[in-house]
Amino acid sequence: MTSVTPRSSSRHDIILHLNTVDELFSVDPLSIYSDTGRLISGMEEIRQELLARRRFEAGQRVILMLPRSEFRPGTEDMINHAVIRYCRLHIAEGGRNLRLIWRQGMQSLRTGSVLFVVGLALSYYFTRSYIPEIAQQLLGNGVFLVILWIGLWYPLDLLFFARQPVRREVRMLSILQQVPFVIIVDETPERRRPPDSTRAGPDQRGG
């Protein structure tokens with residue numbers, strides 16, 4: 001096990017308290033009955049923390065604090081290999097999402113271009129001098145002008161903006177798979193023993 005303590009951690013490090021090794025990737029719903037229960041997995045918490053940062057720092061680590069009973073020889077290596085696989089799978093998923101958004105954007109652009117041309121033509125027509133002024137203002141400079149821009153707004157949003165969060169997450173995962181995960185024993189009394197979720201369930205409390 002790597003020799004590290006929370007006090008020696010960098011301000012860029014992420015310190016994560018887990019009850020079991022499995023909580024890094026999944027959460028037992030019944031653990032919510034425990035004071036140390038979790039709503040999301042450790043990896044989801046790490047992803048949220050990294051995405052909330054302005055930039056991804058080099059040299060950071062993820063420090064996992066686990067009960068002594070959860071540590072076995074090779075646990076740290078097992079976790080690091082699992083994290084790399086996790087990141088690669090989600091990077092591949094991100095790539096598929098980027099391609100899907102791009103295809104949707106291009107399809108919407110074709111439809112939106114038609115709407116743009118129709119809106120432009122009608123807007124031009126209803127601003128001619130022989131059209132009553134109220135119709136010019138309401139239709140030429142109002143309704144059809146709005147339709148004109150709606151035709152391009154959605155496809156342009158897909159092509160240039162909707163892809164940015166996915167790109168940022170893919171970039172974050174590419175960095176995360178190079179971040180070392182280290183383990184230290186969490187000696188906090190309530191975490192020395194993993195919670196017994198079945199013992200805390202509602203059926204075991206007389207109800």
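Residues numbered from 1 in each chain as written. Predicted model: local features only at pLDDT ≥ 70, side-chain atom pairs only at ≥ 80, totals over all residues. Heavy atoms only, no water.

**A look at the confidence of the model for the chain**
- Within the chain, residue pLDDT values average 82, and 84% of them lie at 70 or more.
- When mean pLDDT is compared element by element in the chain, helix H4 (residues 163-176) scores highest at 94, while helix H3 (residues 133-160) scores lowest at 80.
- Below a pLDDT of 50 lies the segment residues 1-8, which in the model reaches 17 contacts outside its immediate sequence neighbourhood of four places, other chains included.
- For the stretch residues 197-202, pLDDT sits under 50, and the model shows 11 contacts to residues farther than four places along the chain or on other chains. (pLDDT = per-residue confidence, 0-100. Helix = DSSP H or I, 4+ residues; strand = E, 2+ residues; numbered from the N terminus. Contact = heavy atoms within 4.5 Å.)

**Details of the environment of His-12**
- Relative to the helices and strands, His-12 is located in the segment before strand S1 (14-17).
- When sequence neighbours within four positions are dropped, the list of residues in contact with His-12 reads Arg-53, Glu-57 and Gln-60.

**Topic: the pattern of salt bridges**
- Counting across every chain of the model gives five salt bridges.
- Ionic pairing is found between Arg-38 and Glu-45, a salt bridge with its closest N-O pair at 2.2 Å.
- For Arg-38, a relative accessible area of 12% translates into the label buried.
- Classification of Glu-45 as partly exposed rests on a relative accessible area of 32%.
- Between Glu-44 and Arg-47 there is a salt bridge, and its shortest N-O distance comes to 3.3 Å. Highlighted residues: Glu-44 and Arg-47, both in helix H1 (residues 42-52), separated by three residues, approximately one helical turn. (Salt bridge = Lys/Arg side-chain N within 4 Å of Asp/Glu carboxyl O. Buried < 20%, exposed > 50% of the residue type's maximum accessible area, 1.4 Å probe, protein only.)

**Here we look at the sheet that holds strand S3 (residues 181-185)**
- With respect to topology, three strands assemble into an open sheet ordered S1-S2-S3, the strand pairing being parallel. Of all strands in the sheet, those bounded by a partner on one side alone are S1 and S3. When the angles between neighbouring strand axes are averaged without regard to direction, this sheet yields 25°.
- Relative to strand S2 (residues 62-66), S1 runs parallel, the two sharing four bridges. Note on S2: the bridge partner recorded for Ile-14 is Val-62.
- Of the strands in this sheet, S1, S2 and S3 touch H1, which is tilted by about 155° from S1. (Pairing = 2+ DSSP bridges. Axes fitted to C-alpha atoms, helices over the stretch in contact; angles between N-to-C directions.)

**Some points on the packing of aromatic side chains**
- Summed over all chains, the structure comprises two aromatic pairs.
- With 5.7 Å between their ring centres and 50° between their planes, Phe-25 and Tyr-86 make a pair best called tilted. Of this pair, Phe-25 sits in the loop between S1 and H1 while Tyr-86 sits in helix H2 (residues 75-125), and the two are 61 residues apart along the sequence.
- Judged by relative accessible area, Phe-25 falls into the partly exposed class, the value being 34%.
- Ring centres 6.2 Å apart and planes at 70° place the aromatic pair Phe-116 and Trp-149 in the edge-to-face group. With Phe-116 in helix H2 and Trp-149 in helix H3, the pair connects residues that are 33 residues apart, well separated along the chain.
- Note on Phe-116: relative accessible area 22%, which makes it partly exposed. (Phe/Tyr/Trp six-rings, centres within 6.5 Å; stacked < 30°, edge-to-face > 60°.)

**Here we look at the nonpolar core**
- The biggest cluster of nonpolar side chains holds 22 residues, and the ones touching the most others in it are Leu-24, Met-43, Ile-46, Leu-64, Ile-79, Leu-176 and Phe-181.
- Among the secondary structure elements, those contributing two or more residues to this core are S1, H1, S2, H2, H4 and S3.
- Setting aside chain neighbours within four positions, we find Leu-24 in contact with Leu-16, Leu-18, Ser-41, Gly-42, Met-43, Ile-46, Leu-64, Ile-79, Val-83 and Phe-181. (Core = buried A, V, L, I, M, F, W, Y, C linked by side-chain atoms within 4.5 Å.)

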